[in-house]
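# A look at the structure
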Amino acid sequence: MTAPTVEEFAARARAWLAENKATAPPDWGPIMPPERREQGMEWQRRIHDAGFAGIHWPVEYGGQGLTPAHAAAWTLACAEQQVPSVLNMVGLVLAAGSLLLYGTEEQKLEHLPRTARGDVVWCQLFSEPGAGSDLASLSTRAERDGDVYVVNGQKVWCSGGRASDWGILMARTDPHAPKHKGISFFVVDMASEGIECRPLRQMTGGAEFDEVFLTDVRIPATNLLGPENEGWRVGMTTLTNERGHIGSGTLALERRVEGLLKEAREAGPMHPVHRDRLIRCVMQAKVLLAMGQRQGPQASIASSLLKLAISELTIAIADARAGRAGMAATLADHPAAANLVASPGAKLGGGTSEVQRNIIGEMILGLPKEPKPG
């Protein structure tokens, strides 16, 4: 059977979404809220059955055998209809991308078809209380004991950990090696004995993140993804994919600006200062949309440009809305207040803005590397 062109595939995607939007969940962005687990899994099964899951994965692993351009067309169609393109980014983008590149045949066959069908939810176990932006300083240990690794440590800012079945984990396997060289990458069953998830309450009042404690967790050696002590390379590929996915959210961001414009028109005459701030947001969103289209469907280090700019624009939009609302934005139940309180998180998730600036400076502009303490 001849593969559809990107245009044909996009048309089919839009037609299917038009028929199913009324019963689709709201677009929750890259991270599925923990309380939406059952709804998210059901939506992913519908996506799968319609032929829109794992679009650029090989058919033998539950995919459609198409191209990243086809996958990008699906993401764009979902953004237009304001529905989730996948159950969550961690499983369908990060874990799946790492498995496709570094997994053994057994690992791919075990995890990818179930992930595509929405049978399992994934989380990411990377950041630690003392190793966030400087991820290579992580201290969670994985010590080999026969045919298992015994893991001890703590992870933090784990999106939806308590609602997940599997996790991707970075842990130190050689404490004597240089910090980037002694790390390994695992897939871990979140139901394993010794794993405890505790919700983290945010400024917004929500708790979409967890801190995860690992105490003598025994992970089969067959769950090692890629070579032992080469987990940093696996993890950096994963994070590039994450930034690329975040960068693909330019259309959703443009829709938020359109919503802001609509609110402004309905509000009537506007103070020149607020009008100027609003127009700046609109101009920046248009530039980011063009930049995202220029990058294309493949993630790269250039994704850091989009990720950084989108983070800053997210805060600018929230600030503009709050400024126009005036004192009403100080009320807890005002929409502008919720957006303003949540917006600083955009500078942290997916790699802080400071990390993105270092990547841009060192890897894109070729500037000297940042001095390292000690």
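## Some points on the overall build of the chain
Helices and strands together make up the secondary structure of the chain, namely 11 helices and 7 strands. For the chain, whose C-alpha radius of gyration is 21 Å, the value lies close to the compact-globule estimate of 21 Å for 374 residues. Taking all 374 residues of the chain together, the buried fraction comes to 47%. Considering only contacts within the chain whose residues lie at least 6 apart along the sequence, 70% involve residues at least 24 apart.

## Examining the nonpolar core
In this structure, Leu17, Trp74, Trp122, Ile168 and Met170 are the most contacted members of the largest nonpolar core, which totals 54 residues. Those elements giving two or more residues to this core turn out to be helix H1 (6-20), helix H2 (37-49), helix H3 (68-81), helix H4 (89-102), helix H5 (105-117), strand E4 (166-172), strand E5 (183-189) and helix H6 (231-247). Element by element, the count of residues in this core is highest for H4, at 9 residues. Beyond its immediate stretch of four places on either side in the chain, Leu17 contacts Trp43, Trp74, Ala77, Cys78, Gln81 and Val83. The next biggest cluster of nonpolar side chains, apart from the first, holds 18 residues, and it includes Leu125, Val151, Ile195 and Ile219.

## Some thoughts on the side chain of Ser353
Mapped onto the elements of the fold, Ser353 is located in helix H11 (residues 353-364). Since its relative accessible area comes to 0%, Ser353 is described here as buried. Here Ser353 is in contact with Leu308, Ser311, Glu312 and Lys347, once residues within four sequence places are set aside.

## Remarks on the packing of H1 against H3
Contact pair H1 / H3: the axes reach a minimum separation of 9 Å and the direction vectors enclose 30°. Viewed along their axes, H1 and H3 adopt a mutual orientation that is roughly parallel. Once H1 is placed against H3, the crossing between them reads as right-handed. Contact residues: Val6, Phe9, Ala10, Ala13, Arg14, Trp16 and Leu17 in H1; Ala69, His70, Ala73, Trp74, Leu76, Ala77, Cys78, Glu80 and Gln81 in H3.

## Let's talk about the environment of Met89
Assignment of secondary structure puts Met89 in helix H4. A sequence separation of 34 residues divides Met89 from Cys123, and the C-alpha atoms of the two residues are 9.1 Å apart.

Calculation notes
- Residues numbered from 1 in each chain as written.
- Predicted model: local features only at pLDDT ≥ 70, side-chain atom pairs only at ≥ 80, totals over all residues.
- Heavy atoms only, no water.
- Helix = DSSP H or I, 4+ residues; strand = E, 2+ residues; numbered from the N terminus.
- Rg over C-alpha atoms; globule rule 2.2 N^0.38 Å.
- Buried < 20%, exposed > 50% of the residue type's maximum accessible area, 1.4 Å probe, protein only.
- Contact = heavy atoms within 4.5 Å.
- Core = buried A, V, L, I, M, F, W, Y, C linked by side-chain atoms within 4.5 Å.
- Axes fitted to C-alpha atoms, helices over the stretch in contact; angles between N-to-C directions.
- Parallel < 35°, antiparallel > 145°, perpendicular 65-115°, else oblique.
- Left-handed = near helix turned anticlockwise from the far one by under 90°.

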